[in-house]
Amino acid sequence: MPSSPIDVLARHLEHVTAADPLTDLPDLPALAAVLDTVPDPRSRRGRRYRLGSLLALSLLAVLGGATSLVKITRFINGYDPDLRARAGLPGTPRLAASTLGRLLARLDGDAFDTATCSYLAILAASAPPTTTRPPSVRTPSPAWP
């Protein structure tokens, strides 16, 4: 059994086909809000950033190919400021990999799974986005003689 959710997500990522997970986001603030329901293991004095925002951006980093805590924090620190602000992480974050690692180690995994599954259920229940252009009709290619 893998010791890290990064390994599990990376294994499932092989089967995902998406254009660009960082620009094709359905509703990032809603994801952060759903992940805010996970109990925060940090003391009140140690909370610089919202838990849901950190978890949402960490999840995006892993889906974007990050395979270690250092890479996750580089992704988060390197995200477009507008994307970070949409997720509820305004300004320039000063996030360290060791701090994120301690947070994730103390996080309730079952509550995180429940919140993530709840968000996916919300996405699955919502109507697919409408397109403004009609679907293309493919004409069959002529048969070779």
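Quick caveat: nothing in here was measured; it's all calculated off a predicted structure. (Residues numbered from 1 in each chain as written. Predicted model: local features only at pLDDT ≥ 70, side-chain atom pairs only at ≥ 80, totals over all residues. Heavy atoms only, no water.)

Observations concerning helix α6 (residues 97-106)
Part 1 of the argument: Residues of α6 that are buried: Ala97, Leu100, Gly101 and Leu103. Across the axial projection of α6, the buried residues extend over an arc of 165 degrees, all falling on one side. (Buried < 20%, exposed > 50% of the residue type's maximum accessible area, 1.4 Å probe, protein only. Helix = DSSP H or I, 4+ residues; strand = E, 2+ residues; numbered from the N terminus. Arc of directions from axis to C-beta.)

Let's talk about the nonpolar core
Part 1 of the argument: Grouped together as the largest cluster of nonpolar side chains are 30 residues, with contacts concentrated most on Leu35, Val38, Leu55, Leu57, Ile72, Ile76 and Tyr79.
Part 2 of the argument: Going through the elements one at a time, α2 (28-35), α3 (51-63), α4 (69-78), α6 and α7 (109-125) are the ones with two or more residues in this core.
Part 3 of the argument: With nine residues, the top contributor of residues to this core is α3. (Core = buried A, V, L, I, M, F, W, Y, C linked by side-chain atoms within 4.5 Å.)

Section: α4
Part 1 of the argument: Three or more residues of α4 are buried, namely Ile72, Thr73 and Ile76. Buried residues of α4 fall within an arc of 95 degrees about the axis and therefore sit on the same side. Structural note: α4 exposes Arg74 and Gly78 on the side pointing more than 90 degrees away from its buried face.

Some words on the side chain of Ser58
Part 1 of the argument: Its place among the elements puts Ser58 in helix α3.
Part 2 of the argument: What Ser58 contacts, discounting residues up to four positions off in sequence, is Ile72, Ile76 and Leu100. (Contact = heavy atoms within 4.5 Å.)

Some details on the confidence of the model for the protein chain
Part 1 of the argument: Residues of the protein chain with pLDDT of at least 70 account for 66%, and the chain-wide mean is 75.
Part 2 of the argument: Low pLDDT, under 50, characterises residues 18-24; the stretch is placed with five contacts to residues that sit more than four places away or in other chains.
Part 3 of the argument: Predicted confidence is poor over residues 134-145, with pLDDT under 50, and the contacts of this stretch with residues over four places away or in other chains come to zero contacts. (pLDDT = per-residue confidence, 0-100.)

Remarks on the pattern of salt bridges
Part 1 of the argument: For the coordinates displayed, the defined rule picks out two salt bridges.
Part 2 of the argument: Arg50 is the partner of Asp36 in a salt bridge, and the nearest nitrogen-oxygen pair spans 2.6 Å. Pair noted here: Asp36 is in the loop between α2 and α3 and Arg50 is in the loop between α2 and α3, with a separation of 14 residues, a long-range link.
Part 3 of the argument: With relative accessibility at 32%, the residue Asp36 sits in the partly exposed group.
Part 4 of the argument: Take Arg50: its relative accessible area is 38%, and that puts it in the partly exposed class. (Salt bridge = Lys/Arg side-chain N within 4 Å of Asp/Glu carboxyl O.)

Describing the packing of α3 against α4
Each packed pair of helices is defined by two parameters, the angle between the axes and the distance between the axes.
Part 1 of the argument: Interhelical geometry of α3 versus α4 gives an angle of 110 degrees and a closest axis separation of 9 Å. Classed by the angle they form, the pair α3 and α4 counts as roughly perpendicular. Like other packed secondary-structure pairs, α3 and α4 cross with a definite hand, here right-handed. Within the contact between the two elements, α3 uses Leu54, Leu57, Ser58, Ala61 and Val62 and α4 uses Ile72, Phe75 and Ile76.
Part 2 of the argument: Of the residues contributing to the contact of α3 with α4, the split by class is seven nonpolar, one polar and no charged. (Axes fitted to C-alpha atoms, helices over the stretch in contact; angles between N-to-C directions. Parallel < 35°, antiparallel > 145°, perpendicular 65-115°, else oblique. Left-handed = near helix turned anticlockwise from the far one by under 90°. Nonpolar A, V, L, I, M, F, W, Y, C, P; charged D, E, K, R; others polar.)

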